[in-house]
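Understanding the architecture of this molecule
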Amino acid sequence: MKTKLIGLALATAVLTSGCATILTEDTYKMNVTTSNGQQTTVAVDGQNQTVPGVVTVTKENKNKVLVAQDANCSNVALNKEVEGAFFVNLLSGGVFGSSTDYGTEKMWRYQESVTVPCK
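Residues numbered from 1 in each chain as written. Predicted model: local features only at pLDDT ≥ 70, side-chain atom pairs only at ≥ 80, totals over all residues. Heavy atoms only, no water.

1. Re the pairing of strand 2 (residues 40-44)
Counting buried residues along strand 2, four of its five residues qualify, which places the element largely inside the surrounding structure. Bridge analysis of strand 2 against strand 3 (residues 47-51) gives five bridges, and the strand direction is antiparallel. Within the sheet, the bridge partner assigned to Val42 lies in strand 3 and is Gln49. From the end of strand 2 to the start of strand 3, which pair antiparallel, there are two residues, and Asp45 there has a positive phi angle of about 55°. Where strand 2 meets strand 5 (residues 64-68), two bridges bridge the pair, whose relative direction is antiparallel. Bridging across to strand 5, Val42 finds its partner in Ala68. (Buried < 20%, exposed > 50% of the residue type's maximum accessible area, 1.4 Å probe, protein only. Helix = DSSP H or I, 4+ residues; strand = E, 2+ residues; numbered from the N terminus. Pairing = 2+ DSSP bridges.)

The structure is reproduced here in C-alpha cells:
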C-alpha cells in the first residue's frame, strides 16, 4: 500500500510538472495603444508590429523594449513578471515543475497593456 502511494505521488508530480510550460504559450500577447490615437510601428524581438493593436512578445527571462519607429514617439520598457501558473505549479509540482517552467522561460509574462507616448 505504501509503495502504491509513493508511486501515485511520483506520477502526480511528473504529470503536473511544468504547469506554466504546459498551460501557456511561448509568446505573450499585449494590447498596445498610442497616446495620440495615431497608428505607428514598433519593433520588439526583431519584428515590426503596427499599433494600436495586439503585439506579440516572445517570453524570455529578460526585460524588453518596444522600440518606436516614428521619431515623434518614444520607446516603452516591458518589464518581465512571473506568470500566475508558475505559482500553482510551485505548490503542486514542487522543484521539478518550477525548474521546468524556469528552463523553458514560459514562467514569464509582460504587462497586459502599454501606451506608446507620441507627440
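2. Re the sheet that holds strand 9 (residues 113-116)
Strand order in this open sheet of three strands is 4-1-9, and the pairing throughout is mixed. Strand pairing shows two members of the sheet lacking a second neighbour, strand 4 (53-58) and strand 9, which therefore form its edges. On average, each strand axis in the sheet is tilted by 40° relative to the strand beside it, whichever way the strands run. Pairing geometry for strand 1 (residues 27-34) and strand 9, over four bridges, is parallel. Residue pairing in the sheet places Thr34 in a bridge with Val116 of strand 9. (Axes fitted to C-alpha atoms, helices over the stretch in contact; angles between N-to-C directions.)

That is the geometry; function is a separate question.
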